[in-house]
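Observations on the three-dimensional arrangement
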Amino acid sequence: MEDYCNPTAKAALLKTAFYCMKIVDLQSSVPMAEQLKSEYDGGFELQTWSDLPSGSGLGTSSILAGAVCAAILKVVGHAVDNDAVTHMVLVVEQMLTTGGGWQDQAGGLFGGVKIGRCSCQLPLKVDIEPLNLSPEFIKEFDRRFVVIYTGRTRLARNILQEVIRSWYGQLPRIVNTTKALVAGSEACAEAFRQGDLEKIGMCMDQYWEQKKIMANGCEPEQVRQFMAALKPYAYGQSMTGAGGGGFMYVLMKEPDTGAEIARRVMTETGITSFEVWESTIDMEGVWINVEE
């Protein structure tokens, strides 16, 4: 358990979750087995898995942490809402030293399309606003939205450290871009409310340009080539997460054409490491199923 803060250690996230929720006390002189026996009449067996590759840029670490925390809380009899779990994941990720957990977990904990906001205050609190979208629009969006794995992985912490250093320096381009990112998020949420696919795509493109300003070098050369070749067919596109690898996403102009066009562009550009993945908007969010 002592290596819980090493993100490369085996089951580090699970260890951190148990430690964060005070299931065990590493500073106690009482052996861990005795702690668990006294408080819970035994230990825990926790199995986790993900079909996504490490460093995907999809917030997998934070979302998995949210699922783990929600499951443990259910088992020990604590009733909390998704807002509380969102904050708990923030603590877990900072203890884990990955640099994540600020808002990624909201994407998995809360269903549907949503926007997250955070005021400049401590303790940090992420407020989630679900966007009320029609089932018809969700279907049209899904028919045009394509997720592509670039075959590259990266640890978000390495890119985020560069961003934080630039922010500490209060570089004008970083400060201005940060403000633009906030405004862009609100504009994208409004485009979703209006059902304006073209405007959503424009927000994606603007977001990607802003992201490249925030983290120099986050755009691999193959991604640049692929995006340029795909541009005539797309309303907008960007990389997920901090960039540098993992997944990219595209909003196509025509429905039900994304996978075919993406594979054709791969052939034309000679980029063989990319892979199209199926995706839909999850409307449920996290759910806990208890079996006897």
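Just above sits the structure.
The model shown is predicted, which means the values in this text are computed figures rather than measured ones.

Rules used in this analysis
Residues numbered from 1 in each chain as written. Predicted model: local features only at pLDDT ≥ 70, side-chain atom pairs only at ≥ 80, totals over all residues. Heavy atoms only, no water. Phe/Tyr/Trp six-rings, centres within 6.5 Å; stacked < 30°, edge-to-face > 60°. Helix = DSSP H or I, 4+ residues; strand = E, 2+ residues; numbered from the N terminus. Buried < 20%, exposed > 50% of the residue type's maximum accessible area, 1.4 Å probe, protein only. Patch = residues over 30% accessible without salt bridge, like charges linked within 9 Å, V, L, I, M, F, W, Y side chains within 5 Å. Areas by Shrake-Rupley, 256 points an atom, 1.4 Å probe, with all protein chains shown as cover. Salt bridge = Lys/Arg side-chain N within 4 Å of Asp/Glu carboxyl O. Expected span 1.5 Å × (residues − 1). Polar contact = N/O pair within 3.5 Å; in protein donor to acceptor, adjacent residues only side chain to side chain. Axes fitted to C-alpha atoms, helices over the stretch in contact; angles between N-to-C directions. Left-handed = near helix turned anticlockwise from the far one by under 90°. Contact = heavy atoms within 4.5 Å. Pairing = 2+ DSSP bridges.

The next point concerns the packing of aromatic side chains. The full count for this structure, using the stated rule, is 12 aromatic pairs. Ring geometry for Phe137 versus Phe192: centroids 6.1 Å apart, planes at 90°, classification edge-to-face. Of this pair, Phe137 sits in helix H6 (residues 135-144) while Phe192 sits in helix H8 (residues 172-194), placing them 55 residues apart in sequence. Residue Phe137 shares its accessibility class with Phe192, and that shared class is buried. Through a chain of ring-to-ring contacts, three or more aromatic side chains come together here, namely Phe137, Phe141, Phe145, Phe192 and Tyr249.

Attention shifts here to a nonpolar patch on the surface. A cluster of nonpolar residues, Ile164, Trp167 and Tyr168, forms a patch on the protein surface that exposes about 360 Å² of accessible area. Turning to its location among the elements, Trp167 is positioned in helix H7 (residues 156-168). For Trp167, a relative accessible area of 35% corresponds to the partly exposed category.

Turning next to helix H9 (residues 197-214). The end-to-end C-alpha distance of H9 is 26 Å, a good match for the 26 Å that 18 residues give at a rise of 1.5 Å each. Burial in H9 covers these residues: Leu197, Ile200, Gly201, Cys203, Met204, Trp208, Gln210, Lys211 and Met214. The N-cap of H9, judged by a side-chain oxygen 3.3 Å from the amide nitrogen of Glu198 a few residues on, is Asp196.

Attention now moves to the environment of Arg173. Structurally, Arg173 can be placed in helix H8. Along the sequence, Arg173 and Met214 sit 41 residues apart, while their C-alpha atoms lie 8.2 Å from each other. Looking at Arg173, its side chain comes within polar contact range of the main-chain oxygen of Ile213, at 2.8 Å.

Moving on, we get to the packing of helix H3 (residues 60-75) against helix H4 (residues 82-96). In contact at an axis separation of 9 Å, H3 and H4 are set at 115° when each is read in the N-to-C sense. With respect to the hand of their crossing, H3 and H4 are arranged in right-handed fashion. Residues Ser61, Ser62, Ala65, Gly66, Cys69 and Leu73 of H3 form the contact with H4, whose own contacting residues are Val85, Met88, Val89, Val92 and Glu93.

In space, the 4 strands of this open sheet follow the order E4-E5-E3-E6, with antiparallel pairing throughout. Both outer strands of the open sheet, strand E4 (234-239) and strand E6 (275-277), are each paired with one neighbouring strand and no more. Adjacent strand axes in the sheet meet at a mean angle of 25°, parallel and antiparallel pairs treated alike. Two strands pair when backbone bridges link them, and strand E3 (residues 145-149) and E6 are joined in this way by 3 bridges, in the antiparallel orientation. When the bridges of E6 are listed, Val147 appears paired with Trp277. H9 contacts E3, E4 and strand E5 (247-252) of the sheet and is inclined by roughly 35° relative to E4. On top of the sheet, helix H10 (residues 221-230) reaches E3, E4 and E5; it is set at about 170° to E4, its chief contact.

Our focus in this paragraph is unusual backbone geometry. Across the junction of Leu122 and Pro123, the peptide omega takes the value 0°, indicating a cis bond. With respect to the helices, strands and loops of the structure, Pro123 is situated in the loop between strand E1 (114-118) and strand E2 (126-130). Residue Lys22 is not a glycine yet carries a positive backbone phi of 60°. Structurally, Lys22 can be placed in the loop between helix H1 (12-20) and helix H2 (32-40). In this structure Lys22 comes out as exposed when scored by relative accessible area, which is 70%.

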